[in-house]
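Notes for the structure review
Spelled out, the chains give:
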Amino acid sequence: MLSNYGKVGHEIRWHSAAGTCTGIIERIDRDEPTADPKVKADYYMVRLHHHGNAGVRLNSNMMQALAVTNMTIYNAAMEAR
C-alpha cells in the first residue's frame, strides 16, 4: 500500500541540517500518536545509505516540512520518458 511518501522498499530523499539524506523505507507505522494528543501521524523507519547504515524514524508531519522526494517513483517516471 502506497502511503503519502512511499511504501516499504521505496527509496526516499530529503534535505536537513545534516545535508541531503537518502534511505530505504523499511517499515511504516500508521496513525500513531504524536506529542499533540489531537494529531496522529504515520511513522516511517528509514535505513540511511550514507550515514553508517543507521536508521531514522520520521513522522509524516515532519516529512512534509523536509520536502521528501520518493526517488523510486521519480526514477521510474524519468525512465518512462
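Use the structure listed above.
We now turn to the structure provided with this report. (Residues numbered from 1 in each chain as written. Predicted model: local features only at pLDDT ≥ 70, side-chain atom pairs only at ≥ 80, totals over all residues. Heavy atoms only, no water.)

The subject of this paragraph is the pattern of salt bridges. Counted by the stated rule, this structure contains four salt bridges. A salt bridge links R47 to E26; its shortest N-O distance comes to 3.3 Å. With R47 in strand 3 (residues 40-48) and E26 in strand 2 (residues 19-33), this pair connects stretches of sequence that are 21 residues apart. Between R27 and D29 there is a salt bridge; the shortest N-O distance is 3.3 Å. (Salt bridge = Lys/Arg side-chain N within 4 Å of Asp/Glu carboxyl O. Helix = DSSP H or I, 4+ residues; strand = E, 2+ residues; numbered from the N terminus.)

What follows covers the environment of M45. Within the secondary structure, M45 sits in strand 3. Not counting the four nearest positions on each side in its chain, M45 is found in contact with I24, I25, E26, R27, G55, V56 and R57. (Contact = heavy atoms within 4.5 Å.)

For the rest of this paragraph, the subject is unusual backbone geometry. The phi torsion at D31 lies on the positive side, around 50°, for a residue other than glycine. Within the fold, D31 resides in strand 2. Backbone geometry places A67, a non-glycine residue, at a positive phi of 55°.

This part covers the side chain of D42. One can find D42 in strand 3. Within the local environment of D42, its side chain forms a polar contact with the backbone nitrogen of D31, the two atoms lying 3.1 Å apart. (Polar contact = N/O pair within 3.5 Å; in protein donor to acceptor, adjacent residues only side chain to side chain.)

Counting residues in each nonpolar core, the largest one holds 13 residues, and the members touching the most others are I12, W14, Y44, V46, M63 and V68. At the level of elements, strand 1 (11-16), strand 2 and strand 3 are the ones that each hand at least two residues to this core. Apart from residues no more than four positions distant in its own chain, M63 is found in contact with Y5, I12, Y44, L58 and V68. (Core = buried A, V, L, I, M, F, W, Y, C linked by side-chain atoms within 4.5 Å. Buried < 20%, exposed > 50% of the residue type's maximum accessible area, 1.4 Å probe, protein only.)

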